[in-house]
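Take a look at the letters that make up each chain.
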Amino acid sequence: DGEPLFRARQELCVIDVVSHSLRRIESTPFPMDMELLPPVLTTPCLRMKMKLGPEHFVCDHRVRTMDTDMNQHMNNANYIRLLLNARPSEFWDTYRVQEFDIQYVNEAVEGEDIQVYCQETEQELAVQIKRGETTLVKALLQLTRRDGQA
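Reading the values: the criteria
Residues numbered from 1 in each chain as written. Predicted model: local features only at pLDDT ≥ 70, side-chain atom pairs only at ≥ 80, totals over all residues. Heavy atoms only, no water. Helix = DSSP H or I, 4+ residues; strand = E, 2+ residues; numbered from the N terminus. Contact = heavy atoms within 4.5 Å. Areas by Shrake-Rupley, 256 points an atom, 1.4 Å probe, with all protein chains shown as cover. Pairing = 2+ DSSP bridges. Salt bridge = Lys/Arg side-chain N within 4 Å of Asp/Glu carboxyl O. Axes fitted to C-alpha atoms, helices over the stretch in contact; angles between N-to-C directions. Core = buried A, V, L, I, M, F, W, Y, C linked by side-chain atoms within 4.5 Å. Buried < 20%, exposed > 50% of the residue type's maximum accessible area, 1.4 Å probe, protein only. pLDDT = per-residue confidence, 0-100. Phe/Tyr/Trp six-rings, centres within 6.5 Å; stacked < 30°, edge-to-face > 60°. Lys NZ or Arg CZ within 6 Å of the ring centre and 35° of its normal.

Asker: Tell me about the overall build of the protein chain, and name the residues and values.
Answerer: Along its length, the protein chain carries 2 helices and 7 strands. Each helix and strand of the protein chain, ordered N terminal to C terminal, gives the series β-β-β-α-α-β-β-β-β. When its C-alpha atoms are laid out on the principal axes, the protein chain stretches across 50 × 45 × 30 Å. Residue pairs at least 24 apart in sequence account for 65% of intrachain contacts in the protein chain once pairs closer than 6 positions are excluded. When the accessible area of the protein chain is evaluated, it comes to approximately 11000 Å², of which 52% is carbon and sulfur surface.

Quick look at the structure:
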């Protein structure tokens, strides 16, 4: 029908691959004369302060070769797969995702054991993926019930 299936917004920062510190974009070979399209969504990305504890633990996952990308880090899509699999299919039969905010904070590499933590309410699912005490990913999903109930 011509309507978008979903819209996404993205904020990026440049990080030095050796020191893992932020870099100014002017210090990179990124083409500064590139013409950018105007944003479709103008609201800022959500800032999540999330610290889920042991009572929210769902599962462990060992990062495998097939989880990684060409940089030898766990692929972003596999983090999403992991956090969606943290809830059983009955949960997804009941709820539909209205908004999905995700922040990739640190990377995981092959052989590392990572942990998934979840906290859910009627309208939100908060997910944190950690390696020990180090946060790797934070996600907040805004939910609605498929049956239309509040």
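Asker: An account of the pairing of strand β7 (residues 134–145) is requested, with residue identities and associated values reported.
Answerer: Inspection of the sheet shows strand β4 (residues 95–104) paired to β7 by 9 bridges, in the antiparallel sense. Counterpart to aspartate 101 in the pairing with β7 is leucine 140. Of the pairings in the sheet, the one linking strand β6 (residues 124–131) to β7 comprises 8 bridges and is antiparallel in character. Opposite arginine 131, over in β7, you have threonine 134 as the bridge partner. Between β6 and the antiparallel strand that follows it, β7, lie 2 residues; glycine 132 among them carries a positive phi value of about 65°.

Asker: Quick rundown of the pattern of salt bridges? Include the residues and the values.
Answerer: Counted under the stated rule, the structure contains 7 salt bridges. A network of salt bridges, in which partner residues are shared, links Glu122, Arg145 and Asp147.

Asker: Account for the sheet that holds β6, with residues named and values stated.
Answerer: One open sheet accounts for 5 strands, arranged β3-β5-β6-β7-β4; its pairing is antiparallel. The sheet terminates laterally at β3 (57–62) and β4, the two strands that pair on one side only. Neighbour-to-neighbour, the strand axes of this sheet turn through a mean angle of 20°, independent of strand direction. Each of β3, β4, β5 (113–120), β6 and β7 touches helix α1 (residues 76–84); the most contacted strand, β4, lies at about 135° to it.

Asker: How would you summarise the nonpolar core if you had to cite specific residues and measurements?
Answerer: One finds Ile114, Leu125, Val127 and Ile129 to be the most contacted residues of the largest nonpolar core, which totals 21 residues. The set of elements that each furnish at least two residues to this core consists of α1, α2 (89–94), β5, β6 and β7. Top element by residues in this core is β7. It accounts for 5 residues. Other than its neighbours up to four places away in sequence, isoleucine 114 contacts Cys59, Asp60, His61, Val63, Met74, Leu82, Ala108, Ile129, Lys130, Arg131 and Leu136.

Asker: An account of the confidence of the model for the protein chain is needed here, citing residue identities and associated values.
Answerer: Mean pLDDT over the protein chain works out to 87, with 95% of the residues at or above the 70 mark. Taking the mean pLDDT of every element in the protein chain, the minimum, 78, falls on strand β1 (residues 14–15) and the maximum, 97, on β3.

Asker: Outline the packing of aromatic side chains, listing residues and values.
Answerer: Counting across every chain of the model gives 4 aromatic pairs. Relative to tyrosine 117, the ring of phenylalanine 57 has its centre 5.7 Å away and its plane inclined at 70°; by these criteria the two rings are edge-to-face. Taken together, the residues phenylalanine 57 in strand β3 and tyrosine 117 in strand β5 connect sequence positions 60 residues apart. Assessed through its relative accessible area of 11%, tyrosine 117 is described here as buried. Relative to tyrosine 95, the ring of phenylalanine 91 has its centre 4.8 Å away and its plane inclined at 40°; by these criteria the two rings are tilted. In terms of burial, phenylalanine 91 and tyrosine 95 fall into one category: buried. The aromatic ring of phenylalanine 91 is capped on one face by arginine 87, whose charged end is 6.0 Å from the ring centroid.

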